Amino acid sequence: MNVPDDFLYTETHEWIKHEGDNVRVGITDHAQSELTDVVYVELPKIDRQANAQEAIAVVESVKAASDIYAPVKGKVVEVNKALEPDPGLINREPYGQGWIFVLRIDNADDLKQLKDANAYRKQIG
Amino acid sequence: MSPKKTPLYNEHLRLGAKIVPFGGWLMPVQYTSIVEEHQAVRNAAGIFDISHMGQLIVEGNSTRQWLNTMLTNNVDKLRVGAGQYTFLLNERGGVIDDLIIYRIDELTFLLVVNAARTDDDFAWLQKHLTAVSSARDIRIINRSSDFGGVAIQGPRITELFHALFGKDVHLPPRNAIVDLPFDGTNVSVARTGYTGEDGIEVFFRANDAVKFWNVALKKGKPLGLKPSGLGARDTLRLEMCYPLNGSDLLPDRNPIEAGLGFFVDLRKPNFIGRDALLQTKENGPRQKLVPFRMKEKGPPPRPHYPVFENGDPIGEVTSGTISPSLNWGVGMAYVSASRAKIGAQIDIEIRGKKFPAIIENKPLYKKS
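In this numbering scheme, every chain counts its residues from 1 along its sequence in written order. Ligands are numbered from 1 and chains lettered from A, in the order in which they are written. For a predicted model such as this one, the threshold for reporting local features is a pLDDT of at least 70, and the threshold for listing and counting side-chain atom pairs is 80 or more; totals across whole chains, interfaces and linings nevertheless cover every residue.

Caption draft 1: Spotlight on the overall build of chain A. Scanning chain A for helices and strands turns up three helices and nine strands. By definition, any uninterrupted DSSP run of H or I lasting at least four residues is a helix, any uninterrupted run of E lasting at least two residues is a strand, and each is numbered from the N terminus. Listed N to C, the secondary structure of chain A is β-β-β-α-β-β-β-β-β-α-β-α in terms of helices and strands. Using C-alpha atoms as the atom set, the radius of gyration is obtained and then compared with a globule rule of 2.2 Å times the number of residues to the power 0.38. Scaling as 2.2 N^0.38, a compact globule of 125 residues should have a C-alpha radius of gyration of about 14 Å, and chain A matches this with 13 Å. In terms of its C-alpha atoms, chain A occupies a principal-axis envelope of roughly 35 × 35 × 20 Å. Here chain A, with 125 residues, has 44% of them falling under the buried criterion. Burial is judged by counting the other C-beta atoms within 10 Å of a residue's own C-beta: 20 or more makes it buried, 12 or fewer makes it exposed, and any count in between marks it as partly exposed, with every C-beta position built from the backbone.

And the structure:
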């Protein structure tokens, strides 16, 4: 399973890409493979304030609905509208065009709580 | 109890299937993608492991008469080699199981039942048999662990059937079952399925399962045959509005509420559940199972979502998905009978928000 080295990860299978004041968030290759075909994504509202581990999006596959959590405290500044007509992007490009939202983070130190690629690889075995 | 493995379990692993527990068994939910497998069945063919399903043999002189007191459909209509869809009901008319019964010979019947219900069905039948003194000669045998089975479904079934069994062998007619030689062994082939496509279900000795599966995959490959999992099986059956036991059929729901009265013969003098069904028929069912289709593109409806009409709660979703054929949200729900009108606008509540839907005719997917 693909786990890029330059991303951070959560216990709940989100990936986090640090981009200056922001983080871009999606779900990992492992998560999309477990979920199976994604058929619907409920995106958070722009400007929504979120706490770490707060459920702010939903990814639905043919089989089940799964909450997607804010990895750290922040404000939603961008959402991936391309997922509305084409939720399968999450399956095809989980680390690329399948990103879900961008958070403006309050405190870059919060990112220290997250897992690095090796720790996440260990988690998914 | 730890979940059981079918004789094809290692083949599923070898093919990279994602395995889930289902009805007490470890089953493949998908090999590559539910949507791809679904489309393979609609456009070419798919092969499903159905070894988890139960096989009960009932045999003896008065079997036909006795089974007619246990099942809703009329066993007298079955000639040797024919099968019918039927229900096993409790005294309240609620569904214990839905199953297919085949008449194997004059005095022998095969019941193909849902995996999760096999032991309960067997116990229920055995308990009632013991109570009938005139039925002492009847034997019920649970052969589930002796048999494996596959369903092969899809528009290319005729070519596939001939590739497997020979050019001059005839496909059995709809709902019929025949024994056919296959590579030095005998298998039973029934023309039935759970997908809405033409197809067969093949039952063989558990020891022959791996051989049959691999020959079928090899011969089917040029025809587009794909191994298909429970995920596709569920979306395929839901597009056809075939009920799933445990979701759409339950011990407190009867076949009339489920819109399946066609498989109940109320002219039979007695069978378990008949009085309750007569009452439902006379008073009209309180709720009815209806198919529906979402009005807009949106999240998939799922079991237990509440259903409203003009703000009034009228029922609950029992099955739902994004239909891969329609690329649209569809489902089935039990709603108040007075509101169960084709074309009626309803709302499905999903995570606290109402999404409009329309009550439809069966089936939800019609082949063009």
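Next comes the rest of the write-up.
Caption draft 2: Summary view of the environment of D347(B). Residue and element names in this part refer to chain B. The topology assignment puts D347 in strand β19 (residues 345-350). Classification of D347 as buried rests on a count of 21 C-beta atoms within 10 Å. A C-alpha to C-alpha distance of 48 Å links D347 and H162, two positions 185 residues apart in sequence. Note on contacts: residues are paired as contacts if their backbone-placed C-beta atoms lie within 7 Å. Setting aside anything within four residues of it in sequence, one finds D347 in contact with F308, K354, F355, P356 and A357.

Caption draft 3: Local environment of the packing of helix α2 (residues 34-43) of chain B against helix α7 (residues 230-239) of chain B. Residue and element names in this part refer to chain B. Note on method: axes are straight lines fitted to C-alpha atoms, helices fitted across the in-contact stretch only, with angles between N-to-C directions ranging 0 to 180 degrees. Remark: α2 packs on α7, axes separated minimally by 8 Å, with the N-to-C direction vectors making an angle of 55°. With respect to α7, the axis of α2 lies oblique. When you trace α2 past α7, the crossing you get is right-handed. In this structure, α2 contributes I34, E37, H38 and V41 to the contact, and α7 contributes G231, A232, T235 and L236. For classification purposes, an angle smaller than 35 degrees is called roughly parallel, one larger than 145 roughly antiparallel, one from 65 to 115 roughly perpendicular, and anything else oblique. Each helix crossing is assigned a hand: it is left-handed if the near helix lies turned anticlockwise from the far helix by less than a right angle, otherwise right-handed if that turn is clockwise.

Caption draft 4: Representation of α7(B) within the structure. All names here are of chain B. Among the ten residues of α7, nine are classified as buried, and the element is accordingly described as predominantly covered. Those residues of α7 lying buried are L230, G231, A232, R233, D234, T235, L236, L238 and E239. In this fold, the buried residues of α7 make contact with β2 (18-22), β3 (25-30), α2, β4 (45-49), β17 (312-323) and β18 (328-336). Once α7 ends, the next one or two residues include C241, with phi positive near 65°.

Caption draft 5: Structural detail: the sheet that holds strand β3 (residues 22-27) of chain A. Residue and element names in this part refer to chain A. Taken in spatial order, the six strands make up an open sheet running β1-β2-β3-β9-β8-β5, and their pairing is antiparallel. Looking at which strands have only one partner, the edges of the open sheet turn out to be β1 (8-9) and β5 (49-50). For two strands to be treated as a pair, DSSP must find no fewer than two bridges joining them. Summarising the sheet, β3 and strand β9 (residues 101-105) pair through four bridges and their orientation is antiparallel. Residue R24 lies in a different strand from β9, and its bridge partner there is V102.

Caption draft 6: Expanded view of the confidence of the model for chain B. pLDDT expresses, on a scale from 0 to 100, how confident the predictor is about each individual residue. For chain B, per-residue confidence averages 97 on the pLDDT scale, and residues scoring 70 or more make up 100% of the total. For this predicted complex, the interface score ipTM comes out at 0.83, while the overall pTM is 0.93.

Caption draft 7: Spatial organisation of the domain arrangement of chain B. All names here are of chain B. Taken domain by domain, chain B holds domain 1 (1-285) and domain 2 (286-368). Where each domain starts and ends follows an automatic or database-derived domain assignment. For domain 1 and domain 2, the distance between their C-alpha centroids amounts to 27 Å. The interface of domain 1 with domain 2 comprises 18 residues on the first partner and 19 residues on the second. Those elements that place two or more of their residues in the side of domain 1 that touches domain 2 are α2 and α7. For the side of domain 1 that touches domain 2, the per-class residue count stands at seven nonpolar, seven polar and four charged. Residue polarity follows a fixed list, in which Ala, Val, Leu, Ile, Met, Phe, Trp, Tyr, Cys and Pro are nonpolar, Asp, Glu, Lys and Arg are charged, and the others, Gly among them, are polar.

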